[in-house]
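# Chains, contacts and geometry: an overview
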Amino acid sequence: MPIYIHIKSNNNGSNTDFTNVLKTFSLQITSVKDELWRINSNTKPTPVDLVSLVNLRSLYLAQYNPDQLQKIQNLHFLTRLSLPCNDFTKKFLLESVLSEEGTKNFPNLRSIGRILCGYNECNNSYLPVVVNSIIQHIDLVVTTCSSTIDFISKLPALNTINVSYIANGSVGSPSKMSSNFTLMSFAPYISCLRLDFYGHCGFDELARLLQRCSTLQRFRIKIKYYSEIFDISAIRQLSPFFVHLSFGKIDEVTKKPIIIGQWSS
């Protein structure tokens, strides 16, 4: 019988060592979701030992160490992999997973979670030369509308994308968006879009982007900053996705209600 392991921190900040459990049931464990976080310098969680988990199908790590990344490459039955979202894990994913080597090491992998797409400087330095023809789903975390994700063009089997867009400013002008691979080129493949704006949102431009999201199933938006003359009734007219926009709780910084909205098909 398959065993699914979900490891979380206790409310008091203490962490339980699950090493013995993982060793005892190593052959039966098919899914591990490790959400342990270091609460402070005195509480360092024990990393999951992946060596014995040879039948693992799904792996989620909130934190990792370099040794774990090496061991992941031996988990040949993985169908879903989700690592912490940062520059280093993006490099690991592009070099060791989204590449010809990755296709050989992970012949069953179909879904990858939390790929950081917030910068451009490393894109050309470690893009895989050979396409990965088996990845069907990815989760992206986008931090700027000017970032590029050229590796998507090397995933011909890709059919669904989830996007978390953490923006510090407007979505951008129409001219920017039309040439922006991050926001526009893969819009028809986006199934879930989560927008958290930490700057002002350009609703007209965002409405045009949403028009291209032909397969969108879930949409959520949260906006902290907006004009004093913000007209929510007028904004709701711009797109069917804006119909359920409303004012939420008061933000501690702006002292104004947060604009929130969600939609599902």
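See above for the structure.
Quick summary incoming for the structure in this document. Please read all numbers here as calculations on a predicted model, not as lab measurements. (Residues numbered from 1 in each chain as written. Predicted model: local features only at pLDDT ≥ 70, side-chain atom pairs only at ≥ 80, totals over all residues. Heavy atoms only, no water.)

## Concerning the nonpolar core
In terms of nonpolar packing, the biggest core is built from 64 residues, with Leu59, Ile72, Ile138, Leu140, Phe151 and Phe242 touching the most fellow members. When residues of this core are assigned to their parent elements, the largest contribution, five residues, is made by helix 7 (residues 203-212). Excluding anything up to four places from it in sequence, Ile138 contacts Ile112, Ile115, Phe151, Ile152, Leu158, Thr160, Ile161 and Asn162. (Core = buried A, V, L, I, M, F, W, Y, C linked by side-chain atoms within 4.5 Å. Buried < 20%, exposed > 50% of the residue type's maximum accessible area, 1.4 Å probe, protein only. Helix = DSSP H or I, 4+ residues; strand = E, 2+ residues; numbered from the N terminus. Contact = heavy atoms within 4.5 Å.)

## Structural notes on the packing of aromatic side chains
A ring pair, where both rings are aromatic, is described by two values, the distance of the centres and the angle of the planes. For the structure shown, the criterion picks out eight aromatic pairs. When the centroid spacing of 4.8 Å and the interplanar angle of 75° are considered together, the rings of Phe241 and Trp263 count as edge-to-face. Taken together, the positions of Phe241 in the loop between helix 8 (232-236) and strand 10 (246-250) and Trp263 in strand 11 (residues 257-264) put the pair 22 residues apart, joining distant regions of the chain. With a relative accessible area of 24%, Trp263 lands in the partly exposed category. An aromatic cluster is defined as three or more aromatic residues linked by ring pairs; in this entry it consists of Phe203, Tyr226, Phe230, Phe242 and Phe247. The ring centre of Tyr60 lies 5.2 Å from the NZ or CZ of Lys33, which sits over that ring. (Phe/Tyr/Trp six-rings, centres within 6.5 Å; stacked < 30°, edge-to-face > 60°. Lys NZ or Arg CZ within 6 Å of the ring centre and 35° of its normal.)

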